[in-house]
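Each chain, written out:
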There are 2 protein chains.
Amino acid sequence: MAEDRRFSYEGLWAPKAARPAVRGRGAGGTRIDLAGGRPDPASFPYAELAEATRRVLARDGAAALNYGEPLGFIGLRELLAEKYRRDEGARVDADNFLITNGSAHALQLVVEALVGPGDPIICEAPTWMGAVHTFRVQRAEVLTVDLDTDGINLDQLEDILRRLKRERRQAKFIYTIPTFQNPTGLTMPLPKRRRLLELALEYGTPIVEDDAYGDLRFEGEPQPSLLGLDAAGAVIKLGTVSKILAAGLRLGWIIAPKEVIGHFLTVKLDGGTNPFVSRVAAEYLREHMDAHIGELIEVYRRKRDAMLTTLGEYAPQGCRWTRPEGGFFVWLKLPAGTSLGRLSELCAQNGVGFMPGTACYPDGRGEDAIRLAYSFPTVEEIREGTRLLCEAIRQAGG
Amino acid sequence: MAEDRRFSYEGLWAPKAARPAVRGRGAGGTRIDLAGGRPDPASFPYAELAEATRRVLARDGAAALNYGEPLGFIGLRELLAEKYRRDEGARVDADNFLITNGSAHALQLVVEALVGPGDPIICEAPTWMGAVHTFRVQRAEVLTVDLDTDGINLDQLEDILRRLKRERRQAKFIYTIPTFQNPTGLTMPLPKRRRLLELALEYGTPIVEDDAYGDLRFEGEPQPSLLGLDAAGAVIKLGTVSKILAAGLRLGWIIAPKEVIGHFLTVKLDGGTNPFVSRVAAEYLREHMDAHIGELIEVYRRKRDAMLTTLGEYAPQGCRWTRPEGGFFVWLKLPAGTSLGRLSELCAQNGVGFMPGTACYPDGRGEDAIRLAYSFPTVEEIREGTRLLCEAIRQAGG
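Here's what I pulled together on the structure shown here. Predicted, not measured: the structure shown is a model, and the values here were computed from it.

### Section: the interface of chain B and chain A
Tallying the contact residues gives 88 residues for chain B and 88 residues for chain A. At the junction of chain B and chain A, the tally comes to 2 salt bridges. In this structure, Arg6 of chain B and Glu259 of chain A form a salt bridge, with 3.4 Å as the shortest nitrogen-oxygen distance. Our enumeration of links across chain B and chain A arrives at 34 residue pairs in polar contact (both at pLDDT 80 or more). At the level of elements, helix H1 (46-65), helix H3 (102-114), helix H4 (129-137), helix H6 (190-202), strand S8 (235-240), helix H8 (242-246), helix H9 (258-266) and helix H10 (275-314) of chain B are the ones that each hand at least two residues to the side of chain B that touches chain A. The greatest single-element share of the side of chain B that touches chain A, amounting to 10 residues, is contributed by H1 of chain B. Class assignment for the residues of the side of chain B that touches chain A results in 48 nonpolar, 24 polar and 16 charged.

### Concerning the pattern of salt bridges
Applying the stated criterion to the full structure yields 86 salt bridges over all chains. Close ionic contact of Glu391 of chain B with Arg394 of chain B constitutes a salt bridge, the shortest N to O distance being 3.4 Å. Separated by 3 residues within a single helix, Glu391 of chain B and Arg394 of chain B lie in helix H12 (residues 379-395), roughly one turn from each other. The network of salt bridges with shared partners includes Glu51, Arg54, Arg55, Arg59, Asp60, Arg279, Glu283, Arg286 and Glu287 of chain A.

### Observations regarding the state of the cysteines
Residue and element names in this part refer to chain B. The final tally for this structure, using the stated rule, is 0 disulfides over all chains. Lacking any disulfide linkage, Cys319 is separated from the closest cysteine sulfur, that of Cys390, by 6.3 Å. Exposure remark for Cys319: the relative accessible area of 10% places this residue in the buried category. Cys347 forms no disulfide, and the closest cysteine sulfur to it belongs to Cys390, at a distance of 9.6 Å. What makes Cys347 buried here is its relative accessible area of 1%.

### Observations concerning the relation of the copies chain B and chain A
Rotating chain B by 180 degrees about the axis while translating it 0.0 Å along that axis superimposes it on chain A, leaving an RMSD of 0.0 Å. Considering both components of the superposition, the chain copies are consistent with a two-fold axis. Taken together, the interface assignments show that 100% of the residues at the interface of chain B recur at the interface of chain A, consistent with an identical surface on both copies.

### Describing the sheet that holds strand S14 (residues 369-373) of chain B
Residues and elements named next belong to chain B. Spatially, 4 strands are ordered S10-S11-S14-S13 in an open sheet, and the strand pairing comes out antiparallel. If you trace the sheet from one side to the other, it starts and ends with strand S10 (320-321) and strand S13 (355-356), each paired once. When S13 meets S14, the two strands line up antiparallel, connected through 2 bridges. Counted as the bridge partner of Met355 is Arg371 from S14.

Criteria and cut-off values
- Here the residue numbering is sequential within each chain, running from 1 through the sequence in written order.
- In the order they appear in the text, chains get letters beginning with A and ligands get numbers beginning with 1.
- Per-residue local features of the predicted model are confined to residues with pLDDT of at least 70, and side-chain atom pairs are confined, for both listing and counting, to 80 or more; whole-chain, interface and lining totals are unaffected and use all residues.
- The side-chain quantities take in all heavy atoms of the structure and omit both hydrogens and water.
- Any two residues whose heavy atoms approach within 4.5 Å are treated as being in contact.
- Each salt bridge in this description consists of a side-chain nitrogen of Lys or Arg and a carboxyl oxygen of Asp or Glu lying within 4 Å of one another.
- In protein, a polar contact means a hydrogen-donor-capable atom and an acceptor-capable atom, both N or O and within 3.5 Å, with residues adjacent in sequence counting only if both atoms are side-chain atoms; elsewhere, any N or O pair within 3.5 Å suffices.
- Only DSSP runs of H or I with at least four residues qualify as helices, and only runs of E with at least two residues qualify as strands; both kinds are numbered from the N terminus onward.
- Polar here means any residue other than Ala, Val, Leu, Ile, Met, Phe, Trp, Tyr, Cys and Pro, which are nonpolar, and Asp, Glu, Lys and Arg, which are charged; Gly is therefore polar.
- Throughout, a disulfide means two cysteine sulfur atoms within 2.5 Å of one another.
- When a residue's accessible area, from a 1.4 Å probe over protein chains only, is under 20% of the maximum for its type it is buried; when over 50% it is exposed; and in between it is partly exposed.
- Here the copies are superposed with least squares, the fitted atoms being C-alpha atoms of residues at a pLDDT of at least 70 in both.
- DSSP calls a pair of strands paired once it identifies at least 2 bridges connecting them.

What follows is the structure, encoded as structure tokens:
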């Protein structure tokens, strides 16, 4: 064998593999991370999870350490079904759930099962950058609908649905984050939710409701979820423990009509979602979920307030930003003429990370906005980071 | 909204989604499961994993419970790199590893990155049914090479490679399980391994070496791995903790040249492999790996011996079976004229599960063989199950 020869992989890659989406600057390496939607590390229930693990392994360890059920651990699915029935009035039981490795994986499965290359899907713009990346890798045709301050623009949406119908095509789904939207923090009010569902039924297009943050409401009236409003089975919902327990557990789920769940299972080739972690999480959540979510709401409300207050004090004229009623994010429109490139450089220098708006659009827009996450840093870091950011915006101004 | 209307998903599915492969009968529900390659539940280190979890959460819990590194936890990758350097002479470090949700997920990523619909790949026949299913879902053109008693038939392989070259096509990879093969338990000897690598280099076709069982050798001389023999970077290797620690942890990995690893990362959309479980596993393995593997070898050797002895005593004339030097499986050729359908019915009645050979071929063959796993049941159950199986074979005979 030729010992020195290098093997060439050239030409072996399938066209499917696309470049990764632009990632936020300094999601890891910065001194103050306002980029990543990472949960607050001080809030993790360390001792309780160790104790839950001990109990799970002592009581039913063999089941936790061997291959599990295809749909995921029944105990977790039952617990979740009860929660969604109680909190959202959803008509679901355990078999409406497929447990996944986080909700990013849940979305990937939905896209892999439904979307072939060139198939149209509809999403909000801006939207979650992980979704942008997933749609790109699957080579979907992504049709965007602008986000108004009260959520997806229904006129634009109907125009697209109507046009597709004329062309005898159909979108595979409408992807929406109606509650504490990522990246804007905005929430869609009830009348809009009802009308969105009507359109979905009228045009035979399912809705994928991504809802990672809905439990974390600081103020205002809870809005019924699309899943809860839906009586026809047109809503596929994605959820996760990442924001209400811990992202490192990598547990999410798809909720869908039973006859549909099997299709997602067909493209799920990972030997079943982690039975060990699923049991540990269920063990913890069974006892602590409601109280823990209550604590988290206090944690994130304080952090949001710190960011909003600091923006109010230091943001240069021309900045506009959202006031989220829950979740992790503030969306900040930069003053006209601000250079996003220059702003990124300045923030890299002073060690403050943010997510450029361009990562949140599938279509090259977003030069005029950034996403700020108040979830990970301490209140002191949020104050300092936001102040430094405002200073950098001033310097990057036109 | 029309409350009684059912939403129709008809026509919304992408052509990619294929029916799942035939699953082994009774992998879960049977009284004595000789079907699934599930590890021995008595061997799991329950208390040690609880203790490892406690230590991880107390010492570096924030990192374990938040999003992790794209390639996977560096501590696990370093530990694995050291193991592969030591045991296989592989020229690898931590950045040659991508941690995945088990090795089924590892194979899925390789296939998603490399294989488009209709692209040719080459695999052994019979082979692991999970691979058969994965290739089917990605709609690859699967070209099979017969397995001789010493592994893949190299003449057939070269014929295929030559024919593809004439047609100006190239297989995306050669998928092989050279050590304690699944489903046959057979091992490829060194000269064949060397020649396989030569062919891979000559035809510019990488080898995917799946090696879930290599550590579990009961007898005979260890064979160098393809990864260890490869100096050119033509081998992509898949590994897992499923058989040496616990399948329920869902941890596997891809080993590949550094310039190649990034391509797999591009189609990995799951928010990173579980940092919590990765740290718990690394914590346990750092201290216990070698001793635990030593114990497992004794466990599975005893179980293999129980199955082989019972087959020797009860198998009807015309049965032939492999004698694995390691791993989980015995491959049993049925006497001519045996009805696999009848055998399945009889075993369903007496509560003994096995894997039909048909699940292990991508091309409809396998009516004449079954896979038996001795990994999960107790020694007593193996004796009883194998005896009942032999009786059923007799009854299902021609």
